[in-house]
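Read off the chains here:
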Amino acid sequence: MGVVVFWVLAAGAVAGGIAVFAVDSMARATFALLLSFLCVGAELLLIGLPYLGLLVVLMMIMEMLIMAVFMVMYMMNPAGLMPMTMVHNRRGSAAVSAAVFAALAAGALLTPWPERRGVPAHDTTFALGEAVMGPKMAVMMLVGVAILATMITSVVLATGRGRYDRHGDRLDARRPADPGRGAP
Amino acid sequence: MGEPGAVWAVAVLPPVVAGLALGAAGWDSVLAARDAGRGRALRAAADPLREAARLLLRPPRTVAAADRLLLRAGVVLLPAVALLAAMVVPLGNAMVMDPAVGVVWFNAVEVAVWAAVWLVGWGSNSAFGLVGGYRFLAQGLAYELPHMFALTTVGLGAQSLRVGEIVQAQQGLWFVVWMPVAFAVYLLSVLAMAFWGPLAHPVADDAAGGAAVELSGPDRLFFLAGRYALLAVAAAFAVPLFLGGGAGPLLPAWAWSLVKTAVVLGGLVWAGRRFPVVRMDRFAEAAWTVLIPAVLVQMLVVGIAVL
Amino acid sequence: MGLISRLSCFAAGRPPFFVVTAAGGTAARLGVEAEARERGWRSVASPAACSVLVVCGEPGPDLEQAVERVWRQIPRPRALVRASVPGREHLITLLDRAEHELAAPDRRDSGDHAAEGHESGDEPGMADREADRDGLKLDVLHVQLGPVLADWPAGLVVRAVMQGDVVQRAEVATAEGTGRGSFWTEPWTAARTGDPVARGTAERRGAARSLDTLGRLLAVAGWDRMSAQARWLRDDLLADHPSERLTARFERLSDSVGRSRTLRWMLRDLGPVTAPPARLAGDAADRLHALLAEAGTAMGLLDDPTPLDPGNEAHDAPDTAPVSLLPDLLAGADLGAARLIVASLDPDLDRPAASATHG
């Protein structure tokens, strides 16, 4: 039973990935990708990692929908079912993706996977928490702060308006001067 | 304490959710009729049933160049989200399942509303629908983080993400007593995720119904019923999280669950009518600069208390 | 099939209705709204959600075309009501007939000259590209607001260029009125032509006008509860209910609306106007408070029997000031803000000779 579900989800994940490049609307491509990620999240549930699995589901839904905001910015055709393709430079991209796929598949097949030592933790969520807050804490802190810094930096670089524009040169304006108030 | 997987819980779940959703819709209709000065306001309680019959008997309207696949996916997703989320909500001691990460399950399922509303708005091929979907994403960015922190606070207080254990941890003192901020933030996020009352901007009348602008017939029925079901389920989840679950004197546990849920749900519907719609261009900043710090302080207090 | 027919009979009660108002159709709209409220009909903001389409006044060719397109999209069972003239008896007959048609769906409905098939015609069309307010080159969409739009001033059309939900530019056009003047200024017009009009009568009409605008502004602000109460009070004012109870109800309404911090938070800084006239000055929140004050003054004079002095205030001159302000105010506002700005200005386009294009 578990094996059948595993293969169904695996096939679903790959099919979703292929659909991204086969459908002719950006919205459909986004949700095909989401479907693929959801299948991966379900696989994690299947192998006994409920916390990570649900986290993948949660984060991927939010991420894909944020992507949809950008999509609306660049292609504001609701329901936009006009012919368009997600593939550019057909030959080059096919070659690159074939090569990457071959390399990854070879890696998966050729790696001498280690034998299992010990047994899985009784409560994987608890074990994950202990690992993150214990031996792996330094790494997690570093990565976490790096991601946060990247996000803040990219927002600061992307926006033309900073807090001095909003709250005045002395930052003493009580109400921010935002464009939404009426004048651009 | 919980009896996950009880067969009767599976059978009882859909009718209970439907009943609560219908009750909320009927209560709202009565309040609306009273405010408009219509005679015999109590009769309006049947309006949701009438509307359901009307929508069932109508063909859905087809809009030129709509993305019907995405539209239908969104329409069906909304009630599905409500039912999936309800699986970890206990009725008394019984629930469909009680996974070790029940709270995360609820959160992950509830986020799918983002997709549902956006899909319906985009699929309608209408500028108003697009704006409605867009508005829900802005709303999601404003409410989701405070909501997650409120859930985390509860998990921290109970030292477990399992809903059954969270209920058990409240045998001495309900969480609402020492986590009032988290409770308030949770209730606000209930209104936000069901885009109801003051947080109904994604389907507001100023955009001709927003994301739901083109919905008609069974499509509309699914969407509206799903929305009320979601409101009911999210309100019901406040009971195990903050209000001691089925605990209470005299009545059986399931009855206490229902009574508490009805009070929370009825209160939300009543309170929701007492505010105008809140727009995210104004509210998002408050959500990030007031709600998130407030609930973080709450979490700190709970964390210190637990230590 | 007894069950189906009984179900459709049940479903036909208290139908949702959508109102389209032509310039000059205000009196008919008020009649329809009051009668529909009595019957428990629910007004909806989208034609897709309605069973009854109500057209108030006499639509010109453009509006007529838009109405026919909307009508074609409404799935059956449906009913079309053309309330071209006010008059309670007449409206009762029309609404009765609509309820009857909905309950017996196999009959041909009243508007069946339109072709079968419900294909929507108002798809947004292809997007262009323009610089946004941050200087990024992004897609734009051309969206027309009005004339078929709920809680929207009759006769107003705004052609907006939008990016996401932000209006980048707006052009404003107004439809030709009927030339018969506005329902709201009738007492003043009558007084000017020499008819004896009591001041109380005129103030009653003025208060109803303020409450109509208030009801619309609150509906656009998404506050159904207060909007419904304002409209109920407006209907009772126009139905000549005695003034004491109405004044008390108005005080309660005015208190709740005027003191709402949420409403103030949502309205302030929207559509700031510095130029005269005074009633439009300030932002949308200021205009709301001016509206409440204006209605409050009028509510205090409902029983004034002295003859009305028409004065030299131009009550029947075209209401062009708000319309000419709109293009500047709407540029840069998002759709929600734009709707609130329009509702807070609420131009009365039923007044004669208000036909121009600004933008």
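Refer to the preceding data block for the structure.
Residues numbered from 1 in each chain as written. Chains lettered and ligands numbered in written order. Predicted model: local features only at pLDDT ≥ 70, side-chain atom pairs only at ≥ 80, totals over all residues. Heavy atoms only, no water.

Enquirer: Tell me about the overall build of chain B, and please be specific about residues and values.
Expert: For chain B, the helix and strand inventory stands at 11 helices and 2 strands. Listing every helix and strand of chain B by position from the N terminus yields β-α-α-α-β-α-α-α-α-α-α-α-α. Computed over its C-alpha atoms, the radius of gyration of chain B comes to 19 Å, within 12% of the 19 Å expected for a compact globule of 307 residues. For chain B, the C-alpha atoms occupy an extent of roughly 60 × 40 × 40 Å along the three principal directions. (Helix = DSSP H or I, 4+ residues; strand = E, 2+ residues; numbered from the N terminus. Rg over C-alpha atoms; globule rule 2.2 N^0.38 Å.)

Enquirer: Let's hear about the interface of chain B and chain C: which residues, and what values?
Expert: In this complex, chain B contributes 53 residues to the contact, which on the side of chain C involves 59 residues. Interface area for chain B against chain C, summed over the two sides, is near 4,900 Å², with a carbon-plus-sulfur share of 57%. Considering only the side of chain B, the residues that lose the most area to chain C are Arg50(B), Arg61(B) and Arg282(B), jointly responsible for 14% of the buried surface there. In this structure, the connection of chain B to chain C is made through 3 salt bridges. Taking the shortest distance from any N to any O, the salt bridge between Arg225(C) and Asp35(B) comes out at 3.2 Å. At the junction of chain B with chain C, the criterion picks out 18 residue pairs in polar contact (both at pLDDT 80 or more). Residue composition of the side of chain B that touches chain C, by class: 25 nonpolar, 7 polar and 21 charged. (Contact = heavy atoms within 4.5 Å. Buried area = accessible area lost by both parts, 1.4 Å probe. Salt bridge = Lys/Arg side-chain N within 4 Å of Asp/Glu carboxyl O. Polar contact = N/O pair within 3.5 Å; in protein donor to acceptor, adjacent residues only side chain to side chain. Nonpolar A, V, L, I, M, F, W, Y, C, P; charged D, E, K, R; others polar.)

Enquirer: Quick one: what's the story with the interface of chain B and chain A, residue by residue and with numbers?
Expert: Opposite the 30 residues of chain B that make contact, chain A presents 30 residues. For the pair chain B and chain A, the two sides together bury roughly 2,500 Å², of which 81% comes from carbon and sulfur. For Asp67(B), the salt bridge goes to Arg28(A), with nearest N and O atoms at 2.6 Å. Here chain B is connected to chain A by 2 residue pairs in polar contact (both at pLDDT 80 or more). With 12 residues, helix H4 (residues 102-123) of chain B is the single largest residue contributor to the side of chain B that touches chain A.

Enquirer: Before we move on, could you go through a nonpolar patch on the surface and cite the residues and values that matter?
Expert: Residue and element names in this part refer to chain A. Nonpolar side chains collect at one region of the surface, where Val 139, Leu 142, Val 143, Ile 147, Leu 148, Met 151, Ile 152 and Val 156 lie side by side and expose about 780 Å² of accessible area between them. Among the secondary structure elements, Val 139 is positioned in helix H6 (residues 137-158). Note on Val 139: relative accessible area 49%, which makes it partly exposed. (Patch = residues over 30% accessible without salt bridge, like charges linked within 9 Å, V, L, I, M, F, W, Y side chains within 5 Å. Areas by Shrake-Rupley, 256 points an atom, 1.4 Å probe, with all protein chains shown as cover. Buried < 20%, exposed > 50% of the residue type's maximum accessible area, 1.4 Å probe, protein only.)

Enquirer: Let's hear about the packing of helix H6 (residues 199-220) of chain C against helix H10 (residues 284-299) of chain C: which residues, and what values?
Expert: All names here are of chain C. Look at H6 against H10: their axes get within 8 Å of each other, and the N-to-C directions meet at 150°. It follows from the interaxial angle that H6 and H10 lie roughly antiparallel. By crossing handedness, the relation of H6 to H10 is classed as left-handed. Taken together, the residues of H10 that come into contact with H6 (itself represented by Glu 203, Ala 207, Ser 210, Thr 213, Leu 214 and Leu 217) are Leu 288, Leu 291, Leu 292, Glu 294, Ala 295, Ala 298 and Met 299. (Axes fitted to C-alpha atoms, helices over the stretch in contact; angles between N-to-C directions. Parallel < 35°, antiparallel > 145°, perpendicular 65-115°, else oblique. Left-handed = near helix turned anticlockwise from the far one by under 90°.)

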